[in-house]
There are 2 protein chains.
Amino acid sequence: MHVTSTTSSNGVIERTFTLDDVTGVLWSPESGAPGSPLLLAGHSGGMHKRAPGLVAGALHSVATYGFTFAAIDAPGHGDRPRNVQDQKWVEAIHQARAAGEQIAPIVIDYTTSLAERWLPEWQTTLDALLTRPEIGIDAPIGYEGVSLGVVTGVMLPAVDSRIAALSFGGVFVDAALIEAARKVTIPVEYRIPWDDDQFDRTSEFALFDAFASKDKTMHAYSGRQYPVPHHERESSARFFARHLGRVAGTASD
Amino acid sequence: MHVTSTTSSNGVIERTFTLDDVTGVLWSPESGAPGSPLLLAGHSGGMHKRAPGLVAGALHSVATYGFTFAAIDAPGHGDRPRNVQDQKWVEAIHQARAAGEQIAPIVIDYTTSLAERWLPEWQTTLDALLTRPEIGIDAPIGYEGVSLGVVTGVMLPAVDSRIAALSFGGVFVDAALIEAARKVTIPVEYRIPWDDDQFDRTSEFALFDAFASKDKTMHAYSGRQYPVPHHERESSARFFARHLGRVAGTASD
C-alpha cells in the first residue's frame, strides 16, 4: 500500500493510496484511536471513490463518530483504465437509455462482472488497511454501498468473516443477488427510495426478505434515490455505531 | 382539566388528570420550557394510558429530548368503564382467538368504533393541555400510536391541523384506514414488524403508499411486533425532534 498524498481539513486526515492497480482514499479523524470502526464504502457503477454522496457520508462518519472510512475505485472506474469489454457494456447502457429502453438487464450483467473482479481487491485492500497504525488489526469493520457497491457488499461477508455489518441502498435486484443475500447473517440496513420507478418494489422486498440476518432493517423514504435524506445518512452512521460498538449504551440493542 | 396526582422521579414530573369522563397522564421534564414539543400517544386496543411500551417511550422522550408527553385512556379502557356493545366485541375477539380463527375482522370493526369516539376526546384533551403553563399554546404537536392508537392518529390530522407529525406501527389495515391515510399530508414514520404473521405486508405497503405526505418513511424491522427495538424508539424520538424543531442542525432536513 503506497500513500500518494496526505491532506488535513476540519479534523479529518485524507490519504490517497495505490495498492497494485487499485486506487483508493482513506479518511481518518485527526484525534482517532486504533480500534475505532473502519467503514468500507463501495461506490455505484459509473461513479468512483470520491462520489459526492460517498464523501458526504465519509466526512460525517469520521467527524461525528470518529470512524475511519475507506473507498477504492472499481475496475475501470475513477483513476483506473477501462478495458474493452467494460467499454462495450457502458456503450450498451448509453444506447439503451437514449432509446428509452430498460437498462436494468445490461446494468445487472455489467455489475455482476465488475463485482466479481472487485471482491478480491476489497479483501487485499482490507488486509493492507488493517496493518496501518491509525486503524489497528482489531478494528471492527462495516461495509456500505450503492448499486455496484451493494452487489460487492452482499457477496463480501460470505467470503470474508471480518465484515460485521452492512448498510446499503439503491440496487437492481436479480436472482443471483437474492441467492447471495441468503448467505448473509450479519446485521443489515437496507434503504429503498419509495417513489423511484427505476427500482421494482417487489424485487426489493424479496431481497430484504432473503437476508438470513437475525437483525435486519429496511427503510423506505419518499422520493427518488437522490438526494438521500440527511436523516438516512445519520441513521446509517448510528447503525454502524450500534453494531460496531461505538455508542455507549446502545451496543447491546 | 383536573389534576388528580403529581409525582416526580428522575427529572420527570408525572401528573394524572381527568377531563369530563376521560382519564389521562402527562409527563413533563422538571427542567422543561413552554413551547417544547408535545407528543400525544395513542395506546393499542386492550391496553391503556400506561401501556409498558408507551411509558418507556414517554420517559425516553421526556428525559432525553425534553418533550412533554400525554396519554389518555380510550373509551372502555384503563380507568374507564366498558359499555355493553364494547363488551360484546371483546368477547367475540376472545372467542375467535380461542377457536384459532382470524381476529382481524372483529378487531377492525371494534377499533373503528372506538377510534371515532376517541377522536373528539383527543381534541378536547389537546385544547386543555395547551392551556397549561408548562406546555404553552404554541407547542408543536406530534402524535404516536399502536393499533387502535394508529387508527385514531391517522384520522386526527384531517380534522385537527395542530397535529404536525405522526409516528406509528402495528395496525390492522382495512380500506377505511387507507382512505383516511390519503388525507394525511404531514410527515409520517411507519414501522412494520417484518416477521409478524398477524399483519399482512401487502396491506401495510398499501397503507404506506396511501399517505399523501411529501415526507414519509417506513421502517421494517426483523422479528415480531414486540419488543420494538430500542433503536426504533430512538428513531421515533429523533423523527419528532427533526419535524418539531428540537434538534439543532437537523430542523431543515
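Residues numbered from 1 in each chain as written. Chains lettered and ligands numbered in written order. Predicted model: local features only at pLDDT ≥ 70, side-chain atom pairs only at ≥ 80, totals over all residues.

**Q** Please explain the pairing of strand β2 (residues 12–19) of chain A as it appears in this structure.
**A** Within a regular strand, side chains alternate between the sheet's two faces. All names here are of chain A. Across seven bridges, the pairing between strand β1 (residues 2–9) and β2 is antiparallel. From the neighbouring strand, Ser 9 faces β2, where its bridge partner is Val 12. Where β1 folds back on β2, the antiparallel hairpin that results is connected by two residues, among which Asn 10 adopts a positive phi of roughly 50°. Note that β2 and strand β3 (residues 22–29) share eight bridges and pair antiparallel. Looking across to β3, one finds that Val 12 is bridged to Pro 29. Between β2 and β3, which pair antiparallel one after the other, the connecting turn spans two residues, and Asp 20 there sits at a positive phi close to 55°. (Pairing = 2+ DSSP bridges. Helix = DSSP H or I, 4+ residues; strand = E, 2+ residues; numbered from the N terminus.)

**Q** What am I meant to see in the interface of chain A and chain B here?
**A** Size of an interface, as often reported, equals the accessible area lost when the parts are brought together. Facing 17 residues of chain A, the contacting portion of chain B comprises 17 residues. Broken down by secondary-structure element, the contributors of at least two residues to the side of chain A that touches chain B are β9 (216–221) and α7 (230–243) of chain A. Grouping the amino acids of the side of chain A that touches chain B by side-chain chemistry returns five nonpolar, seven polar and five charged. Across five bridges, β9 of chain A lies against strand β9 (residues 216–221) of chain B in antiparallel orientation. When the bridges of β9 of chain B are listed, Met 218 of chain A appears paired with Ala 220 of chain B. (Contact = placed C-beta atoms within 7 Å. Nonpolar A, V, L, I, M, F, W, Y, C, P; charged D, E, K, R; others polar.)

**Q** It is not clear to me how the relation of the copies chain A and chain B should be interpreted in this structure. Could you clarify?
**A** What relates the pair of chain copies is a rotation about an axis plus a shift along that axis. Of the transformation placing chain A onto chain B, the axial shift is 0.0 Å and the rotation is 180°, giving an RMSD of 0.0 Å. Both copies of the chain, as the preceding transformation shows, are related through a two-fold rotation axis. Minimal C-alpha separation from the rotation axis in chain A is found for His 219 of chain A, amounting to 2.3 Å. Most of the interface of chain A is mirrored in chain B, where 100% of its interface residues again form contacts. (Least-squares fit on C-alpha atoms with pLDDT ≥ 70 in both.)

**Q** Help me out: how do you make sense of the pairing of β9 of chain A in this one?
**A** All names here are of chain A. The buried count for β9 comes to six of six residues, which makes it a mostly enclosed element. Here β9 shows a buried face lined by Lys 216, Met 218 and Ala 220 and a second buried face lined by Thr 217, His 219 and Tyr 221. Of the pairings in the sheet, the one linking strand β8 (residues 188–193) to β9 comprises six bridges and is parallel in character. Looking at β9, one finds that Ile 192 is bridged to Ala 220. Running through helix α6 (residues 201–210), the crossover from β8 to the neighbouring parallel element β9 is right-handed. (Buried ≥ 20, exposed ≤ 12 C-beta atoms within 10 Å, placed from the backbone. Right-handed = clockwise from strand over helix to strand, strands pointing away.)

**Q** Even after reading the chapter, I still don't get unusual backbone geometry, so can you show me in this structure?
**A** All names here are of chain A. Following Tyr 226, the chain continues to Pro 227 via a peptide bond in cis, the omega torsion being 0°. Take Pro 227: it is sitting in the loop between β9 and α7. Of note in this structure, Asp 20 is not a glycine but carries a positive phi near 55°. You can see Asp 20 is positioned in the loop between β2 and β3. Asp 20 sits in the exposed class, given 11 other C-beta atoms within 10 Å.

**Q** Hey, could you run me through the packing of helix α3 (residues 104–130) of chain A against helix α4 (residues 148–159) of chain A in this one?
**A** Helix-helix packing is characterised by the crossing angle of the two axes and by the distance between the axes. Residue and element names in this part refer to chain A. As a packed pair, α3 and α4 sit with axes 9 Å apart at the nearest point and diverge in direction by 50°. As summarised for this structure, α3 and α4 are arranged oblique, according to the angle between their axes. In the packing of α3 onto α4, the handedness of the crossing is right-handed. Residues Thr 111, Thr 112, Leu 114, Ala 115, Trp 118, Leu 119 and Trp 122 of α3 pack against Leu 148, Val 151, Thr 152, Met 155, Leu 156 and Val 159 of α4. Of the residues assigned to the contact of α3 with α4, the class counts are 10 nonpolar, three polar and no charged. (Axes fitted to C-alpha atoms, helices over the stretch in contact; angles between N-to-C directions. Parallel < 35°, antiparallel > 145°, perpendicular 65-115°, else oblique. Left-handed = near helix turned anticlockwise from the far one by under 90°.)

**Q** Explain the environment of Gly 66 of chain B here, please?
**A** Here Gly 66 of chain B shows up in the loop between α1 (52–65) and β5 (68–72). Taking the C-alpha atoms as reference, Gly 66 of chain B lies 9.5 Å from Leu 38 of chain B; in sequence the two are 28 residues apart.

**Q** Would you mind showing me how to read the packing of α1 of chain B against helix α7 (residues 230–243) of chain B here?
**A** All names here are of chain B. With their axes 10 Å apart at the nearest point, α1 and α7 run at an angle of 50° to one another. In this view, α1 runs oblique relative to α7, as classed from their interaxial angle. In terms of crossing hand, the pair formed by α1 and α7 is right-handed. Listed contacts from α7 to Ala 56, Gly 57, His 60, Ser 61, Thr 64 and Tyr 65 of α1 are Arg 233, Ser 236, Ala 237 and Ala 241. Split into classes, the residues belonging to the contact of α1 with α7 amount to four nonpolar, five polar and one charged.

**Q** What's the story with the confidence of the model for chain A in this structure? I'm lost.
**A** Do not read the predicted coordinates in detail wherever pLDDT is low. Residues and elements named next belong to chain A. The predicted model of chain A averages 93 in pLDDT, with 97% of residues at 70 or higher. Here residues 247–253 scores under 50 on pLDDT; set against residues more than four positions off or in separate chains, the count is 11 contacts. For this predicted complex, the interface confidence score (ipTM) comes to 0.82, while the overall pTM stands at 0.87. (pLDDT = per-residue confidence, 0-100.)

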